[in-house]
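Given next are the chains, with one letter for each unit.
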Amino acid sequence: MKSIRPYQLSLIRSMLVTLTPLVLVMGLSVSMAVGVYWSLVDHARTRLASAEAVYQSARQLKVRMEETRRIQERAKSVQAELEIIWGTLPTQKEFATLALTVSELGRADGVTIPGMRYSLKPEKEPAVAVEATLAFQAIGAYPGIYRFIHHLEHHSTYMVIDELNVQRVEQSLKSAPHQVLFNVTLKTFLRPALPLAGA
């Protein structure tokens with residue numbers, strides 16, 4: 001092995017003295033650059049995470065608002081349907097007229113209605129519709145009974161045939177051959193009568 005000569009040693013020392021501050025500055029610059037980079041990246045990640053959280057909450061809020069809007073629109077359409085149905089319901093004062101209308105429909109179709117029973121469920125609240133029931137026997141020829149039932153089902157007043165059954169007509173009730181007797185139960189709802197102005 002060769003020994004280091006003094007001129008080589010001095011050259012190395014002078015290079016070390018010259019390069020040491022440069023290496024220190026370069027090391028410091030690189031470490032500062034890495035520190036700034038990581039602080040910026042960390043800050044950017046934090047901002048990105050908070051922006052994404054805000055976006056997700058805004059998106060969920062938008063979905064909830066759209067759902068609420070759909071529910072409100074459906075509620076408005078149901079309210080409109082209810083108002084239409086409410087308008088077709090007879091008032092409690094018109095109940096007697098409704099029974100008379102049913103008798104007239106029967107008479108127009110050649111059906112005899114010997115008598116009618118009715119009942120009203122008691123009112124729970126004054127502004128709520130009351131269930132009313134009409135029960136009667138309808139006697140007539142089958143085609144007339146068929147037309148009568150069709151007219152009841154398609155009458156403008158909201159009525160539902162709750163019960164319908166057929167019986168043999170007793171000989172004493174027969175006024176013509178081929179007569180049938182139907183027991184009919186109709187249900188409807190009666191809206192409360194509006195109070196008179198000034199009453």
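Note: the structure precedes this text.
Everything in this summary refers to the structure shown in the same document. (Residues numbered from 1 in each chain as written. Predicted model: local features only at pLDDT ≥ 70, side-chain atom pairs only at ≥ 80, totals over all residues. Heavy atoms only, no water.)

### Considerations on the overall build of the protein
For step 1, the next point in the chain: If you tally the helices and strands in the protein, you get 3 helices and 4 strands.
For step 2, the next point in the chain: Listing each helix as α and each strand as β along the protein from the N terminus yields α-α-β-β-α-β-β.
For step 3, the next point in the chain: Across the 199 residues in the protein, those meeting the buried criterion constitute 21%.
For step 4, the next point in the chain: The contacts in the protein between residues at least 6 apart in sequence include a share of 68% that link residues at least 24 apart. (Helix = DSSP H or I, 4+ residues; strand = E, 2+ residues; numbered from the N terminus. Buried < 20%, exposed > 50% of the residue type's maximum accessible area, 1.4 Å probe, protein only. Contact = heavy atoms within 4.5 Å.)

### Observations concerning the packing of aromatic side chains
For step 1, the next point in the chain: Taken as a whole and assessed by the stated rule, the structure comprises 3 aromatic pairs.
For step 2, the next point in the chain: Relative to Tyr118, the ring of Phe95 lies with its centre 5.4 Å away and its plane at 75 degrees, an arrangement referred to as edge-to-face. Separated by 23 residues along the polypeptide, Phe95 in helix H2 (residues 95-108) and Tyr118 in strand E1 (residues 116-120) bring together distant segments of the chain.
For step 3, the next point in the chain: On the basis of relative accessible area, Phe95 is assigned to the buried category, the value being 8%. (Phe/Tyr/Trp six-rings, centres within 6.5 Å; stacked < 30°, edge-to-face > 60°.)

### Digging into the pairing of strand E4 (residues 179-190)
Side-chain positions along a regular strand alternate between the two faces of the sheet.
For step 1, the next point in the chain: By the criterion of burial, E4 is predominantly enclosed, with 9 of the 12 residues buried.
For step 2, the next point in the chain: Where strand E2 (residues 130-141) lies against E4, 12 bridges are found, and the strand directions are antiparallel. Residue Glu131 lies in a different strand from E4, and its bridge partner there is Phe189.
For step 3, the next point in the chain: Sheet analysis places strand E3 (residues 159-167) next to E4, joined by 8 bridges and oriented antiparallel. The partner of Glu163 across the bridge, within E4, is Thr185. (Pairing = 2+ DSSP bridges.)

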